[in-house]
Amino acid sequence: MRDRVPGLQALRRVQSGVGGALSVARERSDRAYGSVPAMLRLALIAALLFAVPYYVNPMSGEVLFDARWLVVFRLVGLYIMLGIGLNIVVGYAGLLDLGYVAFFASGAYLYALLASPVSPAIDFPIEDVRWLFWAILPTALVLGAVIGVLLGIPVLPLRGDYLAIVTLGFGEIIRLFLVNKTDVTGGSQGLYRVQAPPLPDPLNDLTVSAHKEWYIFIVIGIFLVAFCAGRLRDSRMGRAWEAIREDEEVAASMGVNTVKYKLYAFAMGAAIGSLGGSISAAFTGSAIPDSFDLLVSINVLSLIVIGGMGSTQGVVLGAFILIGMPEFLRFREAADLLDLIDPLVPFADTRDWAVQIRDNRFVVFGALLVLVMVLRPVGIVASKRRKLEADWAEQTAGAV
Amino acid sequence: MSAVAEAILETKGLTRRFAGVTALANLDLTVKAGSIAGLIGPNGAGKTTLFNVVTGFYPPDEGSIVLDGHHIEKMPPHVITAIGMSRTFQNIRLFANMTALENVLVGQHLHADFVAKTIPETEAGEVIELSMAGMLAYRALFPARAVWEVLATVARTPRVRQVERKAVEDSLRVLEFVGLKGRHDELARNLPYGDQRRLEIARALATKPKLLLLDEPTAGMNPHESQEVVGLIRAVRDQLGMSVLLIEHQMRVVMGVCENITVLDYGEKIAEGPPEAVQRDKKVIEAYLGSAGVRGDDDAAEA
């Protein structure tokens, strides 16, 4: 009986959520400071994330828990977290940062160096990582913020493309540092056997793999991070970011210390990226320089762009599409579906599509990016403000 | 502002060059505290450049700028705003996709600072008032203040809420003052042209300046609207006690509202004085109409 409840609740939440979303879609005042609908939307997202792995067995009517989703969601969840972090920098403050992976890597190495027995940084392997893990989470936030500020100070006089190039270089510098500074970082083979702490397991009654705790942990993490990002956006600080994005010179002449607030944006984004890195090192059990290449930054940026800049729901959706899709294609259901449509497609063997899409996913991403940019430049779930800007650009272009 | 004739803004030998062009040449300008001063001159005379230089957008090449007793020639724009000067723009530069209220709230930025109360000085104070040791201590505390600002914002403490509420109330009052009552939820870009000009003034007023710089506040307005803006400028001075320096092309407005007028041509000051005197000045008429205009009547400058 207990098992039925989450699925039903989720369904109800979906229904009320859709109606609610429609009713607020055209209304501007719900962006008022500390508005309830924003909170509700966050809650809705979290509830959905919790509810999706549950499914109803059509034979018995039982509600079951599908463990495969967890493997996917763990990764998608991590990228959602990174997306929310980068969204502060790119979506709120309008600073194009292509080196986001640097912060992700710092967080990952921070934890891995302390929790891996092969770590060259410490002689004593820490046996019980339980306290270490929880202590590292706030440390990772602080470390990320500090590195963000250190990077921000030299690059903030730069704008637009120049800023993008410099941050891109910074991301590579960090990766090369990790590869080459063998005596500190373990070099290109990375750190492995990183120990993970046992996490509390509130859904103990459902028998699934060990991924579940991580999944729950990350969903809670996403919720917290999204909450903080939302609070920052709807505040004096968020207004300063918006003003900087709209017109930096005017913002300065209204008394906004633009350098300070750009640094804040950098630091906040970096802190969240670094937090994500520590979590990722713990659950993947490794930190390898190769996994911190430019592609991570590009992926996070792409999911923001596709989902909708400045919008948390957009980040969630973008992560599911970009990060989740290749994984979903491994599912038996995907193969079944492709089998099913095979007779309808005369000249191709649709059963190959799953593999082909997975193998050529960057081609697919590229096409998707182009498609979104052409059809809906604000992203699939446009943040209200980005939507307005796009409308405006269109109107102005029409007028000229 | 205690002494009657004290200068709120004083520039000495102010020079600014762009490549080969001297946009401002050795300019001495004084705006008396509590006065409404005008700045006129033909297109390209350097009026807007002067605004850009004194507000810190471009650093001056030479010369000094003193605002309310502080040397501001090397200060960044936000500190100059904190000391007490803010401006509007010739080509309206509102935050177009923010509401009227949000625009004014950005203007309130310095006065909605919930961190400043825990520290004796504001950002301006940091630069001006503190001793070297005090300044170092203040800077050293920056990380602590930054962390506090972020945490308090996320936690939305009662103090943050209170400051925010007051900022919103003050902003609504400013909007009412400029005649935009009830329009606070509209996007800046959806406002009619005249209201956008008013909103720019409101945003500048929200920084609580001692000196308000208005760059062609009545540009593109009909005589009736211009007259309303003149009323608003007078109210700024009479009710809010701020000094005003305005650039203006409509002579009816300049002559009607300004107590003292400075005329620029090719970056140089060619005349200065009360409206009647400037109106009759031969050099001014020449600058506007060419040398043939010198023989014309007194209203020539108004053309």
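Residues numbered from 1 in each chain as written. Chains lettered and ligands numbered in written order. Predicted model: local features only at pLDDT ≥ 70, side-chain atom pairs only at ≥ 80, totals over all residues.

(A) The overall build of chain A, seen in detail. What chain A contains, in helices and strands, is 17 helices and 2 strands. Counting the 400 residues in chain A, one finds 44% classified as buried. A fraction of 78% describes how many contacts in chain A between residues 6 or more apart in sequence connect residues 24 or more apart. (Helix = DSSP H or I, 4+ residues; strand = E, 2+ residues; numbered from the N terminus. Buried ≥ 20, exposed ≤ 12 C-beta atoms within 10 Å, placed from the backbone. Contact = placed C-beta atoms within 7 Å.)

(B) Summary view of the overall build of chain B. Counting secondary structure elements, chain B contains 12 helices and 10 strands. Across the 303 residues of chain B, 43% fall into the buried class. The long-range fraction of contacts in chain B, counting pairs at least 24 apart against all pairs at least 6 apart in sequence, stands at 65%.

(C) Structural view of unusual backbone geometry. Residues and elements named next belong to chain B. Positive phi, normally seen in glycine, also occurs at Asp-68, with a value near 50 degrees. Take Asp-68: it is sitting in the loop between β4 (62–67) and β5 (70–71). On the basis of neighbour counts, which here come to 19 C-beta atoms within 10 Å, the residue Asp-68 falls in the partly exposed class.

(D) Just the sheet that holds strand β2 (residues 21–32) of chain B, in detail. Residues and elements named next belong to chain B. One open sheet holds the 4 strands; their spatial order is β2-β1-β4-β5, and the pairing between them is antiparallel. Of all the strands in the sheet, the pair left with one neighbour each is β2 and β5. Pairing analysis gives 8 bridges linking strand β1 (residues 7–18) to β2, with the strands arranged antiparallel. Across the sheet, residue Arg-17 finds its bridge partner in β2, namely Thr-22. (Pairing = 2+ DSSP bridges.)

(E) Layout of the sheet that holds strand β3 (residues 36–40) of chain B. Residue and element names in this part refer to chain B. If you trace the 6 strands from one edge of the open sheet to the other, you get β6-β7-β8-β3-β9-β10, paired in mixed fashion. Both outer strands of the open sheet, β6 (85–87) and β10 (268–273), are each paired with one neighbouring strand and no more. Along the sheet, successive strands turn relative to each other by an average axial angle of 20 degrees, direction set aside. Here strand β7 (residues 211–215) runs beside strand β8 (residues 243–247); their pairing, made up of 5 bridges, is parallel. What sits directly across from Leu-211, in β8, is Ser-243. (Axes fitted to C-alpha atoms, helices over the stretch in contact; angles between N-to-C directions.)

(F) A look at the pairing of β1(B). All names here are of chain B. The turn joining β1 and β2, which pair antiparallel and follow one another in sequence, is formed by 2 residues; a positive phi near 50 degrees is taken by Ala-19. By the bridge criterion, 5 bridges tie β1 to β4 in an arrangement that is antiparallel. Along β4, the bridge assignment pairs Thr-11 with Ile-65.

(G) Seen up close, the interface of chain A and chain B. Tallying the contact residues gives 30 residues for chain A and 33 residues for chain B. Broken down by secondary-structure element, the contributors of at least two residues to the side of chain A that touches chain B are α8 (211–233), α9 (236–246), α10 (248–253) and α17 (384–399) of chain A. For the side of chain A that touches chain B, the element with the highest residue contribution is α9(A), accounting for 7 residues. Classifying every residue of the side of chain A that touches chain B by side-chain character gives 14 nonpolar, 6 polar and 10 charged. (Nonpolar A, V, L, I, M, F, W, Y, C, P; charged D, E, K, R; others polar.)

(H) Representation of the packing of helix α4 (residues 101–115) of chain A against helix α5 (residues 130–155) of chain A. All names here are of chain A. Look at α4 against α5: their axes get within 9 Å of each other, and the N-to-C directions meet at 145 degrees. Considering the relative orientation of α4 and α5, their crossing is right-handed. Along its contact with α4, which presents Phe-103, Ser-106, Gly-107, Leu-110, Tyr-111, Leu-114 and Ala-115, the element α5 presents Leu-132, Ile-136, Thr-139, Ala-140, Leu-143, Gly-144, Ile-147 and Gly-148. Across the contact of α4 with α5, the residue classes break down as 10 nonpolar, 5 polar and no charged. (Left-handed = near helix turned anticlockwise from the far one by under 90°.)

(I) Quick look at the environment of A:Phe283. Residues and elements named next belong to chain A. Here Phe-283 is to be found in helix α11 (residues 258–284). Judged by local crowding, Phe-283 falls into the buried class, with 21 C-beta atoms found within 10 Å. When near neighbours in sequence (up to four residues on either side) are disregarded, Phe-283 contacts Arg-74, Ala-196 and Trp-214.

(J) Structural detail: the environment of A:Gln189. Looking at where A:Gln189 falls in the secondary structure, it is placed in the loop between α7 (182–185) and α8. Note: C-alpha distance between A:Gln189 and A:Ile288 (99 residues apart in sequence) is 6.3 Å.

(K) Fine view of the nonpolar core. Formed by 188 residues in total, the largest nonpolar core has its most connected members in A:Tyr111, A:Ala265, A:Ala319, B:Ala202, B:Leu211 and B:Val244. For this core, the leading source of residues is helix α3 (residues 67–92) of chain A, giving 16 residues. If sequence neighbours within four positions are ignored, B:Leu211 has contacts with B:Ile8, B:Leu9, B:Val31, B:Leu67, B:Gly84, B:Met85, B:Met242, B:Ser243 and B:Leu245. (Core = buried A, V, L, I, M, F, W, Y, C linked by C-beta atoms within 7 Å.)

(L) Summary view of the confidence of the model for chain A. All names here are of chain A. Taken over all residues, the pLDDT of chain A has a mean of 79, while the share at 70 or more is 82%. Considering only residues more than four positions removed or in separate chains, one finds that residues 1–34, a stretch of pLDDT under 50, has 29 contacts. Long-range and interchain partners of residues 205–209, a stretch whose pLDDT sits below 50, account for 6 contacts in this model, where long-range means more than four residues apart. (pLDDT = per-residue confidence, 0-100.)

(M) Geometry of the environment of A:Arg193. Residue and element names in this part refer to chain A. Secondary-structure assignment places Arg-193 in the loop between α7 and α8. Accessibility expressed as a C-beta count within 10 Å gives 13 for Arg-193, which makes it partly exposed. Considered as a pair, Arg-193 and Ala-282 are 89 residues apart in the sequence and their alpha carbons are 9.4 Å apart. What Arg-193 contacts, discounting residues up to four positions off in sequence, is Ser-116, Pro-117, Val-118 and Gly-285.

(N) Representation of helix α6 (residues 160–180) of chain A within the structure. Residue and element names in this part refer to chain A. Over its 21 residues, α6 runs 31 Å from end to end, which matches the ideal 30 Å to within 8%, given 1.5 Å per residue. Restricting attention to buried positions, one finds in α6 the residues Leu-163, Thr-167, Leu-168, Phe-170, Gly-171, Ile-174, Arg-175 and Leu-178. Axial view of α6: buried residues confined to an arc of 155 degrees, hence all on one face. α6 presents Asp-161, Tyr-162, Leu-176 and Asn-180 as exposed residues on the side facing more than 90 degrees away from its buried surface. Its buried side turned inward, α6 meets α4, α5, α7 and α12 (294–307). (Expected span 1.5 Å × (residues − 1). Arc of directions from axis to C-beta.)

(O) Inspection of the packing of α3(A) against helix α13 (residues 312–328) of chain A at higher detail. Residues and elements named next belong to chain A. The geometry of α3 relative to α13 is characterised by a closest axis approach of 8 Å and an angle of 145 degrees between their N-to-C directions. The crossing of α3 and α13 is right-handed. Contacts between α3 and α13 involve Val-72, Leu-75, Val-76, Tyr-79, Ile-80, Gly-83, Ile-84 and Asn-87 from the former and Thr-312, Val-315, Val-316, Gly-318, Ala-319, Phe-320, Ile-323, Gly-324, Glu-327 and Phe-328 from the latter. Across the contact of α3 with α13, the residue classes break down as 12 nonpolar, 5 polar and 1 charged.

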